[in-house]
2 protein chains.
Amino acid sequence: MSVGGAALAVAGTLMQTPSPDRLTVTDAVVEVDQTGLITAVHDRAGTEGAKAARRALATAAQRVELDGGAVLMPGLVDLHVHAPQWPQLGTGLDLPLERWLFEYTFPLEARYADTAFAEAVWDDLVPSLLAMGTTTALYFSSVHGEATTALARACVRHGQRALVGRVAMDHPSGTPEWYRDPTAAAGVAASAESIEAITAVESSRVAKAEAGGGAPPGGSNGARKKHTDCEQTDGGAAAKAGGSGDAVNTACAAAPLVAPIVTPRFTPACSDALLEGLGELAEATGTPIQTHCAESDWHCEYARDRFGASDAAALERFGLMRPRTVLAHSDHLSSADMARAAANQAGVAHCPMSNSYFANAVFGVRRAMAAGVGVGLGSDIAGGARPGLLGVCQDAVTVSRMLEDGVDASLEAPARGVAESRIDTVTAFWLATAGGAALLDLPVGLIEPGRRFDAIAVHSDRPEGAIRLWEGIDDEARRFEKLVRLATADDISNVWVDGTAAKPRPTARQRTPIVQA
Amino acid sequence: MSVGGAALAVAGTLMQTPSPDRLTVTDAVVEVDQTGLITAVHDRAGTEGAKAARRALATAAQRVELDGGAVLMPGLVDLHVHAPQWPQLGTGLDLPLERWLFEYTFPLEARYADTAFAEAVWDDLVPSLLAMGTTTALYFSSVHGEATTALARACVRHGQRALVGRVAMDHPSGTPEWYRDPTAAAGVAASAESIEAITAVESSRVAKAEAGGGAPPGGSNGARKKHTDCEQTDGGAAAKAGGSGDAVNTACAAAPLVAPIVTPRFTPACSDALLEGLGELAEATGTPIQTHCAESDWHCEYARDRFGASDAAALERFGLMRPRTVLAHSDHLSSADMARAAANQAGVAHCPMSNSYFANAVFGVRRAMAAGVGVGLGSDIAGGARPGLLGVCQDAVTVSRMLEDGVDASLEAPARGVAESRIDTVTAFWLATAGGAALLDLPVGLIEPGRRFDAIAVHSDRPEGAIRLWEGIDDEARRFEKLVRLATADDISNVWVDGTAAKPRPTARQRTPIVQA
């Protein structure tokens, strides 16, 4: 924190979920230092907190006071985004996974050999997702190294936190010859190069920020070195005011804006040699891993036929199930697979909408959590047609109810679904914030001292939106549920990553009726 | 059509679904007369059509030329809205139906004894739904006659087409004593009075329109008397240009802006005497009927216990299954029940999202259509937390896929779901427009000569929205799918009912970032 005061102080109603079953609501003033680190969260309900809050607001270099209709929330962590599929969002959900890939998706992804095309897409995708509240994204890019580096650069340019993965895929029958790594060795080498290139993008960003001392998009966490001693000016009381109780283990831990992630597409697209090589690469470089796991009946049968084991067991065998491994979908994990994921500290990106289109089943969030598996949420752009993660939270709640009750009325009720599968909006929001952050070991997902200020402000009183608050009817818990279920991107007024406000998208058009003479 | 030209000519890309499996896309100019009747649809693809279109635009009293990013579509017909539940939209979905009613919903609905409160809600609800593209709504009101009449007046004031039903409910154990009709006879009498009051609201509207000759909100269809001979100035060619082929049977049929509908809540809330009395009332007055049918396991067991028959069979027995009867949900209809509904020309309001929360199953749209049952879509506000019907279309597609594939991965695939249940966005949009209109026998749901001009314009290029079109990737069919799956209320720029533009909501706030010094 600077001597005169915080770099940024944000005042407003803070809603967040420090655990899967707990919503906290605080009349808060959040102090953020010039590096984007949250240094204090003052609760104005108490006399001391109110006094500290006034002082914080009076001394901050920049103040943002949200009006009563807006709510401050942690930014959203989307654990599964196929960046190159952005142009097909909302289309092509009529085919099963294995045909969808060859007929729609691989042809589109192959276009990213053209880096200019890639850059045009990234310059729309990244600010669009930011405006929807996605402050951290896990991106599958394409097989192309250049396009992938360009995606990392776009994240820096627009100020979005991201793990960016060059997709590795080389299987002679599981991929088309016009869209694959030529050999396993070439795939591993290209992934290693991509890790270096993305690391260089981040290093360059940090160097620039440290040299300039300013606040470039994405802020500067190069300065986080100043915080290695984890001093918290406002101490424990401030931490408690944030409502979260537990101190964050990752306080002052590495919080890169962009970082690489090892990305074997999925077992059917990769040779054994590629899978093995990528496992070794991840271990050697300490890079996290993302891949698809046990998504559909077809995918699981394929794994059994090829490996004589479950898809999860095969991934483990290849060294691809490690801490911070994000397994997308994972609908068909057996109990043994769940135990395997938990033992390896791998987690799941639950993508509720794409479950309907490609997975032949619904992922059991409660079952996974009970088994000790980390879970977060993913939009699965474009296998899911809902890009904003608040909407994905509602989907997660809705599909959990379908899993619990079942769908086929011709069956007797007890045979229809899976008892005790339901989650509520609090759990869903936890998955979309603190849950996803925990899985990635990133100090985001909660607004509390020691974490980075990745946050959004969501309006609950925009007349054009669907959210309405009624005196004598709504309380803060209901307001939270309405925000999660009903807010759209247009209801999100502010987005910060690392303490820096994301730029509004360049062109804005009002929803004005067209009337002519 | 007036001598000098149409009252209104609207030019733009017209997308609509004349049948469940057919999307038509026309570069169209639509002519609308001063009564709100569509008199011609010119297809500019042909020389003759282009010439007629130019003439129409040159001579119309009012011209609206949509820019290339906007698409003209039929207005949306929401077959199931609980108007008094608007304040609880997005909340309270944690309890099963029978508890949800007593703990959340009945207490809220009881408040509508206060007509001033009711009017405040209606003045928010009606323009909000209009802005979301709902040009026709089937409203369950509350038990209160005054609040119900006020809802009909609000629809006239804001220009929304609606069938408005006073809710009848008197069962001593199925309703709380503080929210019910005191006796069956009183319930039937109150429903009869409500029919008269709503009919009077409509008559007064028509009389005013005829006297004024102007275009009050909702337009004037009093003047439809001038069209009883069904003359179509532009003849058959124009009708074909609309893309729909079949002439509409309901051309120049009654198309009230507001009309009453007999509304027994559902069998568990009504005594036999009330159900029987309401059946007689519907028959005597020729008023359509709406109720809930076979929604949940509990509802079905209740009906079997009480009537020794299915819920649908009981409704039929009480004279409550007739042409234009709208049965909400109906998830648990047997094949015999489906045949019963088809034989009586009753239809179903499919409410996909609330299926997840209250129905213990998913309604089989394809199965019902194959059995000859009319189907449309409902939001089920507030049992569903998605107020805009375009979003409900995406939900309908999504849950149909869950029904087809099932949800429980621990079952073998063939035992998991119901084969051939899926619908696509074309079918879903048909349900939301022409399907719902057919069920109600209202001349809306398609833009073609002889129907009323109930329409919306939806933007496919608003930067703040989620829809993106990519050259060389998207075609018109993909654009349609993106519009249906991704558009929000903010993407809807224009809404017309009966040829009259709905007023934009009074206060508009921009989604501007809050930044202070």
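One can find the structure itself at the top, above this paragraph.
Keep in mind that what you see is a predicted model, and the values were worked out from it rather than measured.

Some words on the sheet that holds strand β14 (residues 347-350) of chain B
Residues and elements named next belong to chain B. Read across the sheet, four strands follow the order β12-β13-β14-β15 without closing on themselves; strand pairing throughout is parallel. Of all the strands in the sheet, just β12 (290-293) and β15 (374-377) have a single pairing partner and so form its edges. Across the sheet, the axes of successive neighbouring strands diverge by a mean angle of 30°, strand direction being ignored. By the bridge criterion, four bridges tie β14 to β15 in an arrangement that is parallel. By the bridge assignment, glycine 347 is partnered in β15 with glycine 374.

Focus on the nonpolar core
Within the largest apolar cluster, 241 residues are counted, with the highest numbers of intra-cluster contacts made by A:Trp122, A:Tyr139, B:Trp122 and B:Tyr139. Leaving out residues up to four positions away in the same chain, B:Trp122 has contacts with B:Ala83, B:Pro84, B:Tyr112, B:Pro127, B:Ser141, B:Ala147, B:Ala150, B:Leu151 and B:Ala154.

A look at unusual backbone geometry
Residue and element names in this part refer to chain A. Cis geometry marks the peptide bond from isoleucine 381 to alanine 382; its omega dihedral reads 5°. Summarising the element assignment, alanine 382 is placed in the loop between β15 (374-377) and α13 (389-405). Positioned with a positive phi, arginine 324 is a non-glycine residue whose angle comes to about 70°. By the secondary structure assignment, arginine 324 is in the loop between α9 (311-317) and β13 (326-329). Judged by its relative accessible area of 29%, arginine 324 is partly exposed. Despite not being glycine, aspartate 441 shows a phi value in the positive range, around 55°. Structurally, aspartate 441 can be placed in the loop between α15 (425-440) and β16 (455-459). Aspartate 441 gets classed as partly exposed once you look at its relative accessible area, which sits at 42%.

Here's the deal with the relation of the copies chain B and chain A
Each copy superposes on the other: chain B lies on chain A with an RMSD of 0.0 Å after a rotation of 180° and an axial shift of 0.0 Å. Between the two chains, the operation in question is that of a two-fold axis. In this assembly, 100% of the residues forming the interface of chain B have copies in chain A that are likewise at the interface, indicating an isologous arrangement.

So, the pattern of salt bridges
Evaluation of the coordinates by the stated rule reveals 54 salt bridges over all chains. Here B:Arg416 and A:Asp297 are joined by a salt bridge, their closest N and O atoms 2.9 Å apart. Of this pair, B:Arg416 sits in helix α14 (residues 413-416) while A:Asp297 is found in helix α8 (residues 297-307), placing the two residues in two different chains. The class of B:Arg416 is buried, set by a relative accessible area of 5%. Taking relative accessible area as the criterion, A:Asp297 reaches 15% and is therefore assigned buried. Connected through shared salt-bridge partners, A:Arg161, A:Arg452, A:Asp454 and A:Asp498 make up one network.

Considerations on the interface of chain B and chain A
On the side of chain A, 95 residues touch chain B, which itself brings 94 residues to the contact. At the junction of chain B with chain A, the criterion picks out eight salt bridges. Secondary-structure elements contributing two or more residues to the side of chain B that touches chain A are β4 (62-65), α3 (115-131), α11 (352-359), α13 (389-405), α14, α16 (476-486) and β17 (492-497) of chain B. Broken down by element, the residue count for the side of chain B that touches chain A peaks at nine residues, all from α13(B). Across the side of chain B that touches chain A, the residue classes break down as 41 nonpolar, 23 polar and 30 charged.

So, the environment of A:Ala11
Within the secondary structure, A:Ala11 is located in strand β1 (residues 8-19). When sequence neighbours within four positions are dropped, the list of residues in contact with A:Ala11 reads A:Ala28, A:Val29, A:Arg44, A:Leu57, A:Val64, A:Glu65 and A:Leu66.

Here we look at the side chain of A:Gln290
Residue and element names in this part refer to chain A. With respect to the element layout, glutamine 290 can be found in strand β12 (residues 290-293). A polar contact of 2.8 Å, which involves the side chain of glutamine 290, links it to the backbone oxygen of tyrosine 139. When residues no more than four places from it in sequence are discounted, the contact partners of glutamine 290 are Leu138, Tyr139, Phe140, Gly165, Ile261, Val262, Thr263, Pro264 and Val326.

Some remarks on the sheet that holds strand β10 (residues 258-260) of chain A
All names here are of chain A. Pairing within the open sheet is parallel, and its four strands lie in the order β6-β7-β8-β10. Every other strand in the sheet has two partners, leaving β6 (76-82) and β10 as the edge strands with one partner each. Within the sheet, the average angular offset between the axes of one strand and its neighbour, ignoring direction, is 15°. Summarising the sheet, strand β8 (residues 161-165) and β10 pair through three bridges and their orientation is parallel. From the neighbouring strand, leucine 163 faces β10, where its bridge partner is alanine 259. Here helix α3 (residues 115-131) sits on the sheet and contacts β6 and β7 (134-140); the angle it forms with β7, its principal contact strand, is near 140°. Running over the sheet, helix α5 (residues 184-212) touches β8 and β10 and is turned about 165° from β10.

Observations concerning α3(B)
Residue and element names in this part refer to chain B. Look at α3: 24 Å from first C-alpha to last across 17 residues, which is about the 24 Å you get at 1.5 Å a residue. The opening residue of α3, the one whose side-chain oxygen lies 3.0 Å from the backbone nitrogen of alanine 116, is aspartate 114. Where α3 ends, the next residue or the one after it, glycine 133, has phi of about 100°, a positive value.

Structural notes on the pairing of strand β2 (residues 22-32) of chain A
Residues and elements named next belong to chain A. Direction of pairing for β1 relative to β2: antiparallel, over a ladder of 10 bridges. Bridge assignment links glutamine 16 to a residue of β2, and that residue is threonine 24. Pairing of β2 with strand β3 (residues 38-43), which is carried by five bridges, proceeds in the antiparallel orientation. Opposite valine 29, over in β3, you have histidine 42 as the bridge partner. Here β2 hands over to β3 after five residues, with glycine 36 in that stretch at a positive phi of 95°.

Brief notes about α15(A)
Residue and element names in this part refer to chain A. Over its 16 residues, α15 extends 22 Å from the first C-alpha to the last, a length consistent with the 22 Å expected when each residue adds 1.5 Å. Residue leucine 431 marks the point of greatest curvature in α15, where the axis turns by about 45°. Counting buried positions over the 16 residues of α15 gives 15, a clear majority of the element. One side-chain oxygen at the N-terminal end of α15 lies 3.1 Å from the backbone nitrogen of valine 426; it belongs to aspartate 424. Positive phi shows up at aspartate 441, right after α15, with a value of about 55°.

Some remarks on the packing of aromatic side chains
Counting across every chain of the model gives 20 aromatic pairs over all chains. When the centroid spacing of 4.7 Å and the interplanar angle of 50° are considered together, the rings of A:Trp100 and A:Phe358 count as tilted. Of the two residues, A:Trp100 sits in helix α2 (residues 97-110) while A:Phe358 sits in helix α11 (residues 352-359), which places them 258 residues apart along the sequence. Its relative accessible area of 4% is what places A:Trp100 among the buried residues. Judged by centre distance (5.3 Å) and plane angle (50°), the rings of B:Phe453 and B:Trp496 are tilted. One end of the pair, B:Phe453, is in the loop between α15 (425-440) and β16 (455-459); the other, B:Trp496, is in strand β17, and 43 residues separate them in sequence. Both residues of the pair, B:Phe453 and B:Trp496, belong to the buried class. Every member of this aromatic cluster is reached through a ring pair, and the members are A:Phe102, A:Phe106 and A:Tyr179. In this arrangement the basic side chain of A:Arg111 is found over the ring face of A:Phe117, its NZ or CZ atom lying 4.7 Å from the centre.

Observations concerning the pairing of strand β8 (residues 161-165) of chain B
Residue and element names in this part refer to chain B. Of all five residues in β8, five are buried, a share of seventy percent or more. The alternating pattern of β8 places Arg161, Leu163 and Gly165 and Ala162 and Val164 on opposite faces, both of which are buried. Pairing between strand β7 (residues 134-140) and β8: five bridges, direction parallel. From the neighbouring strand, tyrosine 139 faces β8, where its bridge partner is valine 164. Considered for its hand, the β-α-β crossover made up of β7, helix α4 (residues 145-158) and β8 is right-handed.

Section: the packing of helix α4 (residues 145-158) of chain A against α5(A)
Residue and element names in this part refer to chain A. One can describe the packing of α4 onto α5 by two numbers: an axis separation of 9 Å at closest approach and a directional angle of 20°. Our classification of the angle between α4 and α5 gives roughly parallel. Seen from above, α4 lies across α5 with right-handed handedness. In this structure, α4 contributes Thr148, Thr149, Ala152, Arg153 and Val156 to the contact, and α5 contributes Ser194, Ala197, Ile198, Val201 and Arg205. Within the contact of α4 with α5, the residues separate by chemical class into five nonpolar, three polar and two charged.

About the thresholds
Residues numbered from 1 in each chain as written. Chains lettered and ligands numbered in written order. Predicted model: local features only at pLDDT ≥ 70, side-chain atom pairs only at ≥ 80, totals over all residues. Heavy atoms only, no water. Pairing = 2+ DSSP bridges. Helix = DSSP H or I, 4+ residues; strand = E, 2+ residues; numbered from the N terminus. Axes fitted to C-alpha atoms, helices over the stretch in contact; angles between N-to-C directions. Core = buried A, V, L, I, M, F, W, Y, C linked by side-chain atoms within 4.5 Å. Buried < 20%, exposed > 50% of the residue type's maximum accessible area, 1.4 Å probe, protein only. Contact = heavy atoms within 4.5 Å. Least-squares fit on C-alpha atoms with pLDDT ≥ 70 in both. Salt bridge = Lys/Arg side-chain N within 4 Å of Asp/Glu carboxyl O. Nonpolar A, V, L, I, M, F, W, Y, C, P; charged D, E, K, R; others polar. Polar contact = N/O pair within 3.5 Å; in protein donor to acceptor, adjacent residues only side chain to side chain. Expected span 1.5 Å × (residues − 1). Bend = angle between axes of the 7 residues up to and from the residue. Phe/Tyr/Trp six-rings, centres within 6.5 Å; stacked < 30°, edge-to-face > 60°. Lys NZ or Arg CZ within 6 Å of the ring centre and 35° of its normal. Right-handed = clockwise from strand over helix to strand, strands pointing away. Parallel < 35°, antiparallel > 145°, perpendicular 65-115°, else oblique. Left-handed = near helix turned anticlockwise from the far one by under 90°.

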